[in-house]
Structure formats: structure tokens, C-alpha cells
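Single-letter residue listing:
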Amino acid sequence: MRRPVLSTYRLQMRGDGFTLADALELLDYLDELGVTHVYLSPILTPVTGSTHGYDVTDPTAVSAELGGPDALAALSRAARERGMGLVVDIVPNHVGVEQPALNPWWWDVLKHGRQSQFADFFDIDWSLDPDGRIVLPVLGSDDDVDALRVDGDALTLGDLRFPIAPGTAAGSGAEVHGRQHYRLVGWRNNVCGYRRFFSITSLAGLRQEDRKVFDASHVEVKRWFDEALVDGVRIDHPDGLADPVGYLRWLRELTGPQAYIVIEKILGVDEALEPSLPVDGTTGYDVLREIGGLFVDPAGAATLTELSASAGFEHTEAPRLEAELKLAAATETLAAELARLRRAVVAATGHDHPRLPDAIAALLTHIDVYRCDYPGLAAMLSAAIAETVAAEPELAAPLQVLAAALGFEEPATRLQQLCGAVTAKAVEDCLFYRDNRLVSLNEVGGSPLRFGVSAAEFHHSAAVRAQRWPTAMTTLTTHDTKRGEDVRARIGVLSQVPGLFAELVAGWEQAVPSPAPDSGLFLWQNIFGVWPVDGTVDAELRSRLHGYAEKALREAQVHTSWNEPDEAFESATHDWLDAALDGPVAAELTALVARLDRYARDDALAQKLLALTVPGVPDVYQGTELWEDSLVDPDNRRPVDYGVRRAALAAGEHPKLQVVRSALRLRRDRPETFLAGGYTPVLATGTAAQHLVAFLRGTDVLVAVSRWTVALSESGWQDTELALPPGNWVDRLTGAGHCGVIPVSQLFTGNPVALLERTDG
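Residue positions are counted from 1 within each chain, in the order its sequence is given. Restriction of local features to residues with pLDDT of at least 70 applies here, the model being predicted, together with a cutoff of 80 or more for giving and counting side-chain atom pairs; totals for whole chains, interfaces and linings are based on all residues. With hydrogens and water excluded, all non-hydrogen atoms of the structure serve as input to the side-chain values.

**Comments concerning the side chain of glutamate 485**
Step number 1: Only runs of H or I of at least four residues qualify as helices and only runs of E of at least two qualify as strands under DSSP, and these elements are numbered from the N terminus. Examined against the element boundaries, glutamate 485 turns out to sit in helix α18 (residues 485-492).
Step number 2: Remark: exposure states derive from per-residue accessible area (1.4 Å probe, protein chains only) relative to the maximum for the residue type, with buried under 20%, exposed over 50%, and partly exposed in between. Owing to a relative accessible area of 1%, glutamate 485 belongs among the buried residues under this scheme.

As C-alpha cells, this is what we get:
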């Protein structure tokens, strides 16, 4: 009998660093930690040398670099022997095509065109080219066609290699290219002959709405469940599919009713997950926002907003900026997708309008979710159209053309797919690198406009999740988070000391002026977030910070960008960063960390305990059972030292590891409490009651955490009390016993958190 999924531990698989055999060697450690299920990043065959696995080239086989099917079977068998299981990340939306020869389906389509047996597998725009060829934007410029060379059965240019159709190999490279089923063009043309993952040309979209494509691309996944190798799957980016609801229904049929299925569905702050979906819930970005926001002190909003404005970012203008970024994403970055949508509208209605692209782009600025065609969001698109017409009456006519087309499948689908891509490129990949008020808020699924989460909101959201999605995933860190959980916790403490931080930043900018105050303020917070307690910046951290700064600046697209790097500005930023790391500011950073680190760790422990005990199934991202200082990818996919973690587990003294181990083992001991036990807030009374958040799971587990502990350290708990439910309670973290009404100062002796278990039945 399969053990229910009570917790997961995420492992980032990579052929050159962490294989299925390595995962097997960790099972004893994870079992001792209390984990019930090992959660693997994608294991199907990716591009050779892939460091993440989301560029699958052969979805029909487990990656040989990771060990192949035998290694998966061995891992599954060993996990079962321990009463554990496996959850695997799968990628239905797209496959990797950067190296066409590695993807047999893509290679065949390029070689045979529409006659390929796989021609319908990909979402190809056959009408884009006048001759019906697939347009591939892979060249530096169109002129590079003249440099193509014939090499046997392939056309080559540097590392690029493409197939030659049978009987077309005679002549120069350019002449042969003219006879192919594809046309190579410069990437700056903003055209693309197939649906991509957002704007990533190396990832081509699959047509999972076609049953034969679904069956072919899930043959290996089906084998996993037929042979009982895995217990569940995580679905990457379902919003990119033509029909997410239909896809998930097919998947549920394939996996069976007991399989654990969670989806990477990034919800808007006010968006509820579609209740009809046959899944266990999301991967937890909504919970991440709620937990992290609970420790942001709203009293710091005004000062930090003023500091942000002084650095050139008007936070009150963020909604307008978001709309501008969405317009730019739709009309520039995703111009190819917008043009294809326009052609679909014209084909469906027989009507066009010169401002149709403007109308579509404007409409997308009024949709605050990734896509709005889920049944529960049926009214959202009409409301967005109404808002667009009210704001820009001159767009009423082209919007009428669009509305007429939305009764047809293709334009309706492409609008929704474009909506998600625009949102991701504008918000996550740009706005979140510009907003510098409090960067710990700039997280996937979050909203920097909302300065924290009240206890009331937190309690209500948790109670709703307990009723409707009790086995949704909860998390604090993933491979996609902009900063690791402990980095966010430390940055969040700045909301408690906003005046101090503003004063220090002013001094730092005088001592070491940043090339631009807006990016400077953004980077100062991140530097503080990872600054070592002892102030020692080694070569590795220096390199990581330089890499992060470059990525952050390019994503922000204010002073430089990926497509148009400003070498002078980037060089100045690197010089500034070195000056900050090596000069007098470094001592002040060390002093600030020394002053605030204890409160950051208090918050880190508290948010970790919440993530492990609130309604849902907690995921521990690799390595985060100890303190961690990761930034955005690829920084958060660095190798994890499990020797250090094994030693810490054996010693039993590390506070964060103790919280993780205690909570995971309690979940294993009392599965019904956490899977179906409900959620009840427990309210404190007294002077410092606002600093405590507590709740009951079922009738036998009570969780309490402290927050905003900078001010609390000065005032103390004073007369604050917590009335425990009837019974005798023992703290799993300290062994202390409690009953009745207790002073909170007594509850938190030595710890900022408490995990109480009722011991009298």
C-alpha cells in the first residue's frame, strides 16, 4: 500500500553533478529527516549537459546521463523498502530544440516538413512563410545564411546543425537552405515559426490538445504509474498549454485516482485555483507569499516607500509601469506571438483592423492573472474588455473584431497563451527587478504592491486551503524563486528598521556612489541579504554577487538588457560592487548584519515551521534544512554538501534542522492531523499579542511563532498569554510541558517558535 504524500524533498537532478544513484544514496538521510517522498526535478532526456532538465529532447526515455530507467527503478525500489515514495517533475508544454539533432521529433519535422509523422506534434505556424517553411530565428543576422555549409546530410554554421531534406543537398549552403522545409533568419527580426516557451526560442511548444501527442509524450510517464515506480507528478507551466483543463483530465486518467498531482499554477493575489481541476493543488507560490508576508512589518511601508522614491522609483506608479511593461512585452518581446494571434483573428472573422495589435496588447494590461479561461474566471475577460474600452474608447472597434473571434478555438486559445507569456515577461522577469521598495516581496506569485500579509488574511487563507486544497504543496524555496527563504527573511527584517536602513543607504551612497540610485538600492538589499555574519567575502561569494548583479540589471531593462548590453554601465556596476565589498561600507554591512541577524533567523525559523505545518504538503528544497543564502537561478541550483547536513542531523543542535526534523517526523506520526485535521486560529491576549501567530491542526497539534521581533526584543512579551486547548501539551522542539493559560514568554523560552503535541489522547 502506498504511503500518502505527507512531505517532499526537492532534488535538482543533473547528469554532471547529481544523478539518480546520488539520490538513492541520500534516502537514509532523508528518511531520518522525516521526509516521506523524494521530489525529483525533470528526469526525462534533456539537451546534453543540461543543468536543469526543462529542455527535454526525448520525453520517451529517462535520461541516460542520470542513470536511465534501471537507476530510476533502483531508486523507487529502495524508497519503497523504506516506506517512502517518489514525485517527479514533468514538462508537457515544450521540448528542447536548441540542438535539433538531439530531438528526434524536431529533427524529423525539419527534415520532412509537413510530411513528417511528427508535423502535428509541434505548434508550428505554417502560414508565416510564403512558401510554407518553418521560420527559425536562430541566426545572428539574415546575412549568416550565406555562411551556411553542407556537411553530409546537414547544414551547419558554427555549432548550429540542421537536417537536409532528401534529394536537396546539391549546391552551396545558401542554395541548399533555399530548398529546405525551414528558413533560418536573424533573431532580431521578432518573428518565429512556432510557439515558444515565453520568448525562449530554444524551447518549442507541443500540441498536448491532440490525443496522439499526449499519448506519445506520456508513454514513459504512463510506464512509471503502470509499474508503480512513482506516486505523483509536478506539472510544469500548464498555463502554456492550449487546454490545461483537458490536459489535466487526461493526465488524471493516465495516472489513476490516487496519484499525487500538483501544478505550477502561479495564481494572482486575488485568484482562486479553479476548483474543478483534477489535481491536489498548486506547487505553493501562493502559500509562500502568505507566509513570507506575515513577517513584513506594515509600519515600515511609508519610510521604505520614501526611500524608494528618493532612489528614482515611484512606487505609487508601479501599476502604470506594469501596464507599460506588459505593452512592451506584447508588442516587442512577443511580437511574433502577437502577430500570429492577429492572423488567427483575421482568419476566423474575415475582418482586420489597423489597431488590432494595440487593442490586444492594451486588453492584456487589464488581466491580472496568467490566463482567464478557466471556468471559474468566465467573467474576467468581459470585465477586462470593458475596462479597456473605458480607458481607451478608440480601441472599441478593434476589440469588437477580437470579441467576434473569441468564439473560435484558435484565437481564443492563443490570446490566453499570450496573456501568460506577457505577464511572466513583464512582471516576474522585469518589474520584480525594478521595484526596490522591499525586494523580499518581489517573488513569484507575490505582489510588491501589498506590503505584507496580516494575521487575519493569513488565518483565513489557511483555513480555506484546509477545506478545499488540503494536500496542495506548500513551499518557501524552489528552483524558480528570486531569493532563497533565509535571504528573504533577512531582507524582510528591514521593514522593522526602515529608518536605520534608509540612513545607512544614504551613507553608503555617499561613500560608494552606485552607477544609478535605483539599481543601487535594489542591489544594496540583496547584498545585505547574503552578507556573511563574519564579514568575510570569499571569492565564491564575490563571483556570485557579480553574476547576480549582471542578471538583475539586464532583467530590469532600465540601464542595460540581454539584447542590448550596455558594457560601460555594467562595468561601472562591477567596479562599484567591488568597491562596496572591499571598502569601508563592508564594515558597516557586517555591523548591520551582526545587529539584525538574530531577528532574521527568528523569522526564518518561524516561516519554516509554518511552511511545514499549515494546511498542505510541505516541500523542502534541497539544502534548505540548514541556513542558506541562495539568490536567483542558477545560484539556487548550486551543489549541496550533504556531508555537512548528515553531521548536523547526527549532532541534533542546528536550530533550523531541528525544526525541520521535528515537524516532518510529527507529520509522519500524525498523518490524519495534517491531511484532514482542519485549521483553527488560536489567539493570544495581552500587550504583545500582535507579535504571536498560533493555530491548531486537528485537536492534537498546536503551532505558535513569534514575529516582528526587533521591537519585541525591547518591550518583551509582558502580560501576553496564550490559552491552550484542554489537555497536556509537550513541545516537540524542547520537550517542555504546558497546559492551561500560559505566559507566552514561558512558551518561547530559548526558541522563537513552538510545536506542541497533545499527549493525553
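**Side note on the sheet that holds strand β2 (residues 37-40)**
Step number 1: With respect to topology, eight strands assemble into an open sheet ordered β16-β15-β14-β5-β2-β1-β18-β17, the strand pairing being parallel. Edge positions in the open sheet fall to β16 (281-282) and β17 (473-474), since each of these has one partner strand only. At least two DSSP bridges between two strands are required for those strands to pair.

**Quick look at the sheet that holds strand β20 (residues 684-685)**
Step number 1: The strand order across the open sheet formed by three strands is β20-β23-β26, and the pairing between neighbours is antiparallel. Of all the strands in the sheet, the pair left with one neighbour each is β20 and β26 (741-743).

**What to know about the UniProt feature "domain: Glycosyl hydrolase family 13 catalytic" (unreviewed entry) in the protein chain**
Step number 1: UniProt positions are given in the numbering used here, feature names are shortened, and annotations may be inferred rather than shown by experiment. Residues annotated in UniProt with the feature "domain: Glycosyl hydrolase family 13 catalytic" (unreviewed entry) correspond here to residues 6-667.
Step number 2: With 46% helix and 11% strand, residues 6-667 has its two end C-alpha atoms placed 7 Å apart.

**Details of empty space enclosed by the protein**
Empty space among the atoms can be located by rolling a probe the size of a water molecule over them.
Step number 1: A 1.4 Å probe that fits into a set of points on a 1 Å grid over the protein atoms alone but cannot get out defines a cavity; an open set with protein on both sides within 12 Å along at least five of seven lines defines a pocket, and lining residues are those with an atom within 4 Å of a point. Grid points are joined across faces, edges and corners, and a volume is the space filled by probe spheres set on the points. Overall, the coordinates contain six cavities of 30 Å³ or more when judged by the stated rule.
Step number 2: Taken as a whole, the largest cavity holds about 260 Å³ of empty space.
Step number 3: If you trace the largest cavity, you find 21 residues lining it, with Arg195, Arg196, Glu337, Gln417 and Leu418 closest to the centre.
Step number 4: Elements represented by at least two residues in the lining of the largest cavity include exactly β12 (196-197), α12 (335-349) and α16 (409-428).
Step number 5: Just so you know the grouping, Ala, Val, Leu, Ile, Met, Phe, Trp, Tyr, Cys and Pro go in nonpolar, Asp, Glu, Lys and Arg go in charged, and all remaining residues, Gly too, go in polar. When grouped by side-chain class, the residues that make up the lining of the largest cavity number eight nonpolar, five polar and eight charged.
Step number 6: Of the voids in this model, the second largest cavity is the one considered here, and its volume is about 220 Å³.
Step number 7: Contributing to the lining of the second largest cavity are 19 residues, with Arg289, Gly292, Gly293, Ser440 and Leu441 lying nearest its centre.
Step number 8: When residues of the lining of the second largest cavity are traced back to their parent elements, those giving at least two are α9 (285-293), α18 and α23 (584-613).

**Digging into the layout of surface pockets**
Step number 1: For the second largest pocket, the calculated volume is near 680 Å³.
Step number 2: Together, 34 residues line the second largest pocket, and Gly268, Val269, Glu322, Asp368 and Ser447 are the ones closest to its centre.
Step number 3: The set of elements that each furnish at least two residues to the lining of the second largest pocket consists of α11 (318-333), α14 (380-391) and α16.
Step number 4: Tallying contributions element by element places α11 first for the lining of the second largest pocket, with five residues.
Step number 5: For the lining of the second largest pocket, the residue count by class is 18 nonpolar, seven polar and nine charged.

**A few points about the pattern of salt bridges**
Step number 1: Salt bridge criterion: a side-chain nitrogen from Lys or Arg within 4 Å of a carboxyl oxygen from Asp or Glu. Evaluated as defined, the whole model comprises 68 salt bridges.
Step number 2: Of the charged contacts in the structure, one is a salt bridge between aspartate 28 and arginine 646, with a shortest N-O distance of 2.9 Å. In this pair, aspartate 28 is assigned in helix α2 (residues 27-33) and arginine 646 in helix α24 (residues 642-651), connecting sequence segments 618 residues apart.
Step number 3: What makes arginine 646 partly exposed here is its relative accessible area of 32%.
Step number 4: Across the pair aspartate 210 and arginine 207 runs a salt bridge whose closest N-O atoms are separated by 3.5 Å.
Step number 5: On the basis of relative accessible area, aspartate 210 is assigned to the buried category, the value being 17%.
Step number 6: Overlapping salt bridges bring together Asp123, Asp125, Arg195, Arg340, Arg343, Glu410 and Arg414 as one network.

**Notes on the pairing of strand β22 (residues 701-706)**
Along a regular strand, successive side chains alternate from one face of the sheet to the other.
Step number 1: With respect to burial, β22 is a largely interior element, six of its six residues being buried.
Step number 2: The alternating pattern of β22 places Val701, Val703 and Val705 on one face and Leu702, Ala704 and Ser706 on the opposite face, and all of these are buried.
Step number 3: Bridge count for strand β21 (residues 692-697) against β22 is six bridges, and the pairing is antiparallel. Each bridged residue has a counterpart across the sheet, and for phenylalanine 695 the counterpart in β22 is valine 703.

**Overview of the nonpolar core**
Step number 1: We define a nonpolar core as any set of buried Ala, Val, Leu, Ile, Met, Phe, Trp, Tyr and Cys residues linked to one another through side-chain atoms lying within 4.5 Å. Leu11, Leu20, Trp224 and Leu610 are the most contacted members of the largest nonpolar core, which totals 136 residues.
Step number 2: Excluding residues that lie within four positions of it along the chain, leucine 610 makes contacts with Ile291, Leu294, Phe295, Phe458, Phe695, Val703 and Val705.
Step number 3: Leu521, Ala552, Ala580 and Ala600 belong to the second largest nonpolar core, which has 51 residues in total. For this analysis, residues touch if any pair of their heavy atoms sits within 4.5 Å.

**Comments concerning the packing of α18 against helix α20 (residues 517-530)**
Step number 1: Orientation is described by axes fitted as lines to C-alpha atoms, over the contacting stretch for helices, and by angles from 0 to 180 degrees between their N-to-C directions. Where α18 contacts α20, the two axes come as close as 8 Å, and the packing angle between them is 115 degrees. By crossing handedness, the relation of α18 to α20 is classed as right-handed. Between α18 and α20, the residues in contact are Val487, Arg490 and Ile491 and Gln525, Asn526, Phe528, Gly529 and Val530, respectively.
Step number 2: Looking at side-chain class alone, the contact of α18 with α20 contains four nonpolar, three polar and one charged residues. By convention, the crossing between two helices is left-handed when the near helix turns anticlockwise from the far helix through less than a right angle, and right-handed when the turn is clockwise.

**A word on the packing of helix α21 (residues 539-556) against helix α22 (residues 567-582)**
Step number 1: In contact at an axis separation of 10 Å, α21 and α22 are set at 140 degrees when each is read in the N-to-C sense. Judged by the inter-axis angle, α21 sits oblique to α22. α21 and α22 meet at a crossing whose hand is right-handed. Along its contact with α21, which presents Arg542, Leu545, His546, Ala549, Glu550, Leu553 and Arg554, the element α22 presents Phe569, Glu570, Thr573, His574, Leu577, Asp578, Leu581 and Asp582. Put simply, angles under 35 degrees are roughly parallel, angles over 145 are roughly antiparallel, angles from 65 to 115 are roughly perpendicular, and the rest are oblique.

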